[in-house]
Amino acid sequence: MLDTPARVLIDAPAIESPQPVRTRVGKPDLLTVEDAKALTVPEMTTLFKDHVNPGQLHFMKLLGFHKVKIESAEGMYYTDQNGRKILDFFGGFGSLAFGHNHPRLLEARKRFQDENRHEIAIAFMSQYAAAFAKNLATISPGDLDMVFLGSSGSEVMEAAVKLAERAAGPKRPKVVYAENSFHGKTKGVLNITDGALYRADFSVSGNTVRVPFGNIEAIESAFRSDPQIGAIVLETIQGGGGIIRAPDGFWKELRALCDRYGVVWVADEVQCGYGRSGRFFAFEHENVVPDITALAKSLGGGKAAVGAMIARREIYMKAYGTPKTAMIHAMATFGGMGEACVTAIEALNIMYDEALIDNAAEQGAYLLARLDALREKYPKIIKEVRGQGLMVGLEFQDFSQTMPLVLRPVIGMLDDKLKGSLSGFIGALLLRDYDTLVAFTEYNRNVIRLEPPLICERKHVDQFVDALDDLLGRGIIRIVKDFVGSQMG
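Given the structure is predicted, the values throughout are model-derived calculations rather than measurements.

Enquirer: Whenever I open this one, the overall build of the protein confuses me. Can you help?
Expert: In terms of helices and strands, the protein carries 18 helices and 17 strands. Projected onto the principal axes, the alpha-carbon positions of the protein cover approximately 130 × 60 × 50 Å. Expressed as a percentage of its 489 residues, the buried residues of the protein come to 51%. Accessible surface for the protein amounts to roughly 24,700 Å². Of this, 56% is attributable to carbon and sulfur atoms. A distance of 3 Å separates the average location of the 56 positive side-chain charges in the protein from that of its 60 negative side-chain charges.

Structure, rendered in structure tokens:
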């Protein structure tokens, strides 16, 4: 047997692992909060043009809105860089039911912050989201009691349409929507937003049926002829269409039709809801209940981005009522955030404590009456006044109709190109000369949209209407000259 040599062990030198080279990430040249607050109007203009939307800036310049820097806001008024108080009859497209910086909302938010409460509790149940959802169910009529929370009108309308589609079933995927509708700019609801500007060249599903707004015969014809229709989505009062209401009795007839044909009715109340019409939901004026509805805008009290879809339990459970389906469309990361829900809970309590729904009905009726008197005084300028509560549209005549008879045929050929110019002139001069802010509508450019906060008082209505009366009293020729002069300054 051969001897095996003994193994010789050699100690190898230890291998040192290289230490990572740690370099501190340098801080970019960032603006601070104080820097932002101190920006001048020219500096703001440059940043907006370079980093936000240069095309939008073009339109702001036409109206003179680019000259304003808002320093603070309280109640019904903005205050600009010159200390000028601007009456807000725009209301952020209905987002400021409580005006600017309502003290109770500020206090609720401060208390939440001082107590170091939690904002995001995705892994756990949130007491704030649960309480807010309960309040919405309490306010909502019928069995509208299942709530989805989001951050915007578009988001909750997306949720509403998806819920309706699942509840209707795969054999009924088509959705009816109305001419001149606006339900949001995100990809899904773009299918039912009737605007060439917003649709642009985006591809849309085409799985839709378009009908005239408020035309019950057209809707019944569509339901009868196409068994694939499973849902209908309508604004209760059209906002972007020019503040358009359906005929009396329409919503009761629609409810009956949907029941007869098994169609899911989605009522978009993002702009017209939340007390603006003089009832909490605009559809309540006809004592009917949709299958699904959606709110946003003022739901966050003007201090938080909050939206909510509210559905009948039967509809909701049909779509998402099992453990297997429950998470198909659960809340997103920022749905039901703590401080947002606290703000919304306090806002709902303020709504009833301060009787703001009743105030919207009262002040809205007064505003409509005063504007009707102006229409009679200036029939060649004002074509129509319409609306409900504090959601009012003031439609001006086409430009040719404001001119002497001898000029109308010539100018009439330009009416389409000039559409919106008169409302723009008046809106610009109301801001420049009367410290008053109004809005416009997407589809009918001749309409000025009035959605002041629900805290509006009679004196604010008088201030606005008196300013408009004085401006219209200048006559069209001077209004045009004054607007042109404002562009030269």
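Enquirer: Please explain the sheet that holds strand β1 (residues 70-74) as it appears in this structure.
Expert: Sheet strands pair via backbone hydrogen bonds, and the direction of the pair is either parallel or antiparallel. With respect to topology, four strands assemble into an open sheet ordered β1-β2-β3-β15, the strand pairing being mixed. Two strands in the sheet have a free side with no partner beyond their single neighbour: β1 and β15 (436-437). Across two bridges, the pairing between strand β3 (residues 85-88) and β15 is parallel. Counted as the bridge partner of Asp88 is Leu437 from β15. Across the sheet, helix α17 (residues 458-472) is in contact with β2 (77-80), β3 and β15; its angle to β3 comes to roughly 100°.

Enquirer: Would you take a moment to explain the pattern of salt bridges for this structure?
Expert: Pairs can form between side chains of opposite charge once their charged atoms are near each other. With the rule as written, the count across this model stands at 34 salt bridges. The residue Arg478 makes a salt bridge to Asp482 at a minimum N-O spacing of 3.2 Å. Taken together, the positions of Arg478 and Asp482, both in helix α18 (residues 476-488) and four residues apart, correspond to about one turn of that helix. Linked through salt bridges whose partners overlap, the residues forming this network are Asp143, Arg255, Asp259, Asp291, Arg312 and Glu314.

Enquirer: When you look at the packing of helix α13 (residues 356-377) against α17 in this model, what are you seeing that I'm missing?
Expert: Any two packed helices are characterised by the angle at which their axes cross and by the distance between the axes. Relative orientation of the contacting elements α13 and α17 amounts to 15°, with a least axis distance of 10 Å. For the element pair α13 / α17, the angle class is roughly parallel. At the point where α13 passes α17, the crossing takes the right-handed sense. Along its contact with α13, which presents Gln363, Tyr366, Leu367, Arg370, Leu371, Leu374 and Lys377, the element α17 presents Arg458, Val461, Asp462, Phe464, Val465, Asp466, Leu468 and Asp469. Of the residues contributing to the contact of α13 with α17, the split by class is eight nonpolar, one polar and six charged.

Enquirer: Help me out: how do you make sense of the side chain of Thr45 in this one?
Expert: Relative to the elements of secondary structure, Thr45 occurs in helix α2 (residues 41-51). Sequence-distant contacts of Thr45, that is, excluding residues within four places in its chain, are made with Leu57, Lys61 and His66.

Enquirer: Help me understand the packing of aromatic side chains, please; the structure alone is not making it clear to me.
Expert: Geometrically, a pair of aromatic rings is defined through the distance of the ring centres and the angle of the planes. By the definition in use, this model includes 14 aromatic pairs. Measuring from centroid to centroid gives 5.5 Å for Phe112 and Tyr128, while their planes differ by 70°, and the two rings are edge-to-face. Taken together, the residues span a long stretch of sequence, with Phe112 in helix α5 (residues 103-114) and Tyr128 in helix α6 (residues 127-139) at a distance of 16 residues. Pair check on accessibility: Phe112 and Tyr128 agree, each one buried. Aromatic ring contacts, followed pair by pair, group Phe98, Tyr274, Phe280, Phe281 and Phe283 into a single cluster. Note that Arg458 overlies the ring of Tyr366, its terminal NZ or CZ placed 3.8 Å from the centroid.

Enquirer: Got a minute to help me understand the pairing of strand β12 (residues 307-312) in this structure?
Expert: Sheet faces and side chains relate simply in a regular strand, where the side chains alternate between the two faces. In terms of residue burial, β12 counts as a mostly covered element, since six of its six residues are buried. Pairing analysis gives six bridges linking strand β4 (residues 144-150) to β12, with the strands arranged antiparallel. Looking at β12, one finds that Val147 is bridged to Ile310. Pairing geometry for strand β11 (residues 292-295) and β12, over four bridges, is antiparallel. Its bridge partner being in β12, Leu295 is matched across the sheet by Ala308.

Enquirer: It is not clear to me how the pairing of strand β10 (residues 264-268) should be interpreted in this structure. Could you clarify?
Expert: The buried fraction of β10 is high, at five of five residues. On β10, burial covers both faces: Val264, Val266 and Asp268 on one face and Trp265 and Ala267 on the other are all buried. Two strands pair when backbone bridges link them, and β10 and β11 are joined in this way by three bridges, in the parallel orientation. Note on β11: the bridge partner recorded for Val266 is Ile292.

Enquirer: Got a minute to help me understand the environment of Leu437 in this structure?
Expert: Along the chain, Leu437 falls in strand β15. Leu437 sits 350 residues away from Leu87 along the chain, and the two C-alpha atoms are 6.1 Å apart.

Enquirer: Honestly, unusual backbone geometry in this entry has me stumped. Any pointers?
Expert: Note on backbone geometry: most residues besides glycine have negative phi, and most peptide bonds are trans. Positive phi, normally seen in glycine, also occurs at Ile243, with a value near 60°. Inspection of the secondary structure assignment puts Ile243 in the loop between β8 (237-238) and β9 (244-245). Taking relative accessible area as the criterion, Ile243 reaches 0% and is therefore assigned buried. Its identity as a non-glycine residue notwithstanding, Lys297 has a phi of 45°, on the positive side. Counting through the fold element by element, Lys297 comes out in the loop between β11 and β12.

Enquirer: Would you take a moment to explain the state of the cysteines for this structure?
Expert: Under the defined criterion, the tally for this structure stands at zero disulfides. Counting only cysteine sulfurs, Cys272 is the nearest neighbor of Cys258, a cysteine outside any disulfide, at a range of 16 Å. Cys258 gets classed as buried once you look at its relative accessible area, which sits at 2%. With relative accessibility at 1%, the residue Cys272 sits in the buried group.

Enquirer: Is there a simple way to think about α13 in this case?
Expert: Note: α-helices contain 3.6 residues per turn, so residues at a spacing of three or four share the same orientation. Relative to the 32 Å expected for 22 residues at 1.5 Å per residue, α13 spans 31 Å between its end C-alpha atoms, a close match to the ideal helical length. Turning to α13, its buried residues are Leu356, Ile357, Asn359, Ala360, Gln363, Gly364, Tyr366, Leu367, Leu368, Leu371 and Leu374. Where α13 is buried, its residues touch α12 (338-353), β13 (382-388), β14 (391-396), β17 (447-450) and α17.

Conventions adopted
Residues numbered from 1 in each chain as written. Predicted model: local features only at pLDDT ≥ 70, side-chain atom pairs only at ≥ 80, totals over all residues. Heavy atoms only, no water. Helix = DSSP H or I, 4+ residues; strand = E, 2+ residues; numbered from the N terminus. Buried < 20%, exposed > 50% of the residue type's maximum accessible area, 1.4 Å probe, protein only. Areas by Shrake-Rupley, 256 points an atom, 1.4 Å probe, with all protein chains shown as cover. Lys, Arg positive; Asp, Glu negative; His and termini not counted. Charge placed at Lys NZ, Arg CZ, Asp CG, Glu CD. Pairing = 2+ DSSP bridges. Contact = heavy atoms within 4.5 Å. Axes fitted to C-alpha atoms, helices over the stretch in contact; angles between N-to-C directions. Salt bridge = Lys/Arg side-chain N within 4 Å of Asp/Glu carboxyl O. Parallel < 35°, antiparallel > 145°, perpendicular 65-115°, else oblique. Left-handed = near helix turned anticlockwise from the far one by under 90°. Nonpolar A, V, L, I, M, F, W, Y, C, P; charged D, E, K, R; others polar. Phe/Tyr/Trp six-rings, centres within 6.5 Å; stacked < 30°, edge-to-face > 60°. Lys NZ or Arg CZ within 6 Å of the ring centre and 35° of its normal. Disulfide = S-S within 2.5 Å. Expected span 1.5 Å × (residues − 1).

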